[in-house]
Amino acid sequence: MSQKKNELKKSEVRQSVALTEATYDLTRDERRIIYLAAIQCASNDVPGQGSLDITDYEIKVSDYQKLFGIELNEASRDVRSAIKTIYDKSVRIHDPDESTRDESSVEELRWIFGKKNLPKRGSWQISLNPRIVPHLTSLVNSIKYPIHQIVGLQNNYQYRLYDLFMAELRDNNKGSRTIDVEWLRVAFCLGKSYDLYSNIKNRIIEPAIEQINTNTPLRVKYTENKKGKKVISWTFKYTFKS
């Protein structure tokens, strides 16, 4: 079992920069389902474009349990609930090449278009949207990392910030990224309570930096950029721990 767990944690996740910067709202458990599918996408010999059969992926409760270090009953409950709710969710991917000065080009896609429980196997089958699959397989304009780097993170905001940092990681394992406050509100689909800047800082940014610094290979520091007294963006600087 420990060998299987170690192999699973070494599995690679890939994601296009376009998907990294897309607009969507997933729970922690829904994002974990996408991670388990992404592992399989990245390991496919045939990427999946143009073939509906290739977009069917098995989500094993035991894999979820081993990867995220929880009890089997909890894993079963999380997987069942997440697959049920992600079925109705979509992602908005922006295409700057097709955008104009006055209007952005946006493609809205459902994450999955089918689901089936497989109780004899202790798993579920999900059918990824075939237009999502290329965003999880391409090596061009994409990020990639072994999934063990993020299993200690606690919510989707932390997953998303980690991905955004990885998208600007240079060959010397250092990176810098400036993120606008208003952009983050839209991309992360934040509710009205996050109109207040202090809520974003105290509920999202500060906990995310603490968890990323504690539970991933990155070491992150950030500064607030102001226009007058108003914080309009953050500049994050980060490096891999030695």
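The structure under discussion appears in the preceding block.
Rules behind the numbers
Residues numbered from 1 in each chain as written. Predicted model: local features only at pLDDT ≥ 70, side-chain atom pairs only at ≥ 80, totals over all residues. Heavy atoms only, no water. Helix = DSSP H or I, 4+ residues; strand = E, 2+ residues; numbered from the N terminus. Rg over C-alpha atoms; globule rule 2.2 N^0.38 Å. Buried < 20%, exposed > 50% of the residue type's maximum accessible area, 1.4 Å probe, protein only. Areas by Shrake-Rupley, 256 points an atom, 1.4 Å probe, with all protein chains shown as cover. Lys, Arg positive; Asp, Glu negative; His and termini not counted. Charge placed at Lys NZ, Arg CZ, Asp CG, Glu CD. Salt bridge = Lys/Arg side-chain N within 4 Å of Asp/Glu carboxyl O. Polar contact = N/O pair within 3.5 Å; in protein donor to acceptor, adjacent residues only side chain to side chain. Expected span 1.5 Å × (residues − 1). Bend = angle between axes of the 7 residues up to and from the residue. Contact = heavy atoms within 4.5 Å. Pairing = 2+ DSSP bridges. Axes fitted to C-alpha atoms, helices over the stretch in contact; angles between N-to-C directions. 1 Å grid on protein atoms, 1.4 Å probe; cavity = no way out; pocket = protein on both sides within 12 Å on 5 of 7 lines; lining within 4 Å. Points joined across faces, edges and corners; volume = space filled by probe spheres on them. Nonpolar A, V, L, I, M, F, W, Y, C, P; charged D, E, K, R; others polar.

Side note on the overall build of the protein
- Within the protein, the secondary structure is distributed over 8 helices and 10 strands.
- Expected size for 242 residues packed as a compact globule is a radius of gyration near 18 Å; at 18 Å, the protein falls within 12% of this value.
- Along the first, second and third principal axes, the C-alpha set of the protein runs to 60 × 40 × 40 Å.
- The proportion of buried residues among the 242 residues of the protein is 44%.
- Of the accessible surface of the protein, which amounts to about 13,000 Å², a share of 45% is contributed by carbon and sulfur atoms.
- Distance from the positive charge centre (39 side chains) to the negative charge centre (31 side chains) of the protein: 6 Å.

Thoughts on the pattern of salt bridges
- Applying the stated rule across the entire model yields 13 salt bridges.
- The salt bridge partner of Arg185 is Glu182, with a shortest N-O separation of 2.4 Å. With Arg185 and Glu182 both in helix H7 (residues 181–187), this residue pair falls 3 residues apart, about one helical turn.
- Overall, Glu182 belongs to the partly exposed group, its relative accessible area being 46%.
- Via salt bridges that share partners, Glu21, Glu168 and Arg177 belong to a single interconnected network.

Re the side chain of Arg185
- Given a relative accessible area of 12%, Arg185 falls into the buried group.
- At 3.0 Å, the side chain of Arg185 forms a polar contact with the backbone oxygen of Asp195.

Remarks on unusual backbone geometry
- For Asn173, which is not glycine, the phi dihedral falls at a positive 65 degrees.
- As for its position among the elements, Asn173 is in the loop between helix H6 (156–167) and strand S8 (174–180).
- Non-glycine residue Cys189 carries a positive phi angle of around 55 degrees.
- Its location among the elements puts Cys189 in the loop between H7 and helix H8 (197–215).

As for H8
- Here H8 contains 19 residues, and its C-alpha end-to-end distance of 26 Å stays within 8% of the 27 Å for a straight helix at 1.5 Å per residue.
- The sharpest bend along H8 comes to roughly 25 degrees, located at Ile205, with the proline Pro207 sitting one to four residues further on.
- Tucked inside the fold, the buried residues of H8 contact H6, H7, strand S9 (218–227) and strand S10 (230–240).

Considering the sheet that holds strand S2 (residues 56–60)
- Read across the open sheet, the 3 strands follow the order S2-S6-S5; overall the sheet is antiparallel. The sheet is open, and its two borders are formed by S2 and strand S5 (112–118), each paired with just one other strand. Within the sheet, the average angular offset between the axes of one strand and its neighbour, ignoring direction, is 25 degrees.
- Bridge count between S2 and strand S6 (residues 123–128): 5 bridges; the pairing is antiparallel. Note that in S6 the partner of Ile59 across the bridge is Trp124.
- In this fold helix H3 (residues 28–43) packs onto S2 and S6, with an angle of close to 125 degrees to the strand it touches most, S2.
- On the sheet, helix H4 (residues 61–68) packs against S2 and S6 and is oriented at approximately 60 degrees with respect to S2.

Concerning the layout of surface pockets
- If you add up the space inside the largest pocket, you get close to 430 Å³.
- Forming the walls of the largest pocket are 21 residues, and the residues nearest its centre are Ala18, Glu21, His94, Asp95 and Pro96.
- Residue assignment for the lining of the largest pocket shows that the elements contributing at least two residues are strand S3 (90–94), strand S4 (106–110), S8 and H7.
- Its residues assigned to classes, the lining of the largest pocket comprises 10 nonpolar, 5 polar and 6 charged.

Just distances and angles here, no functional claims.
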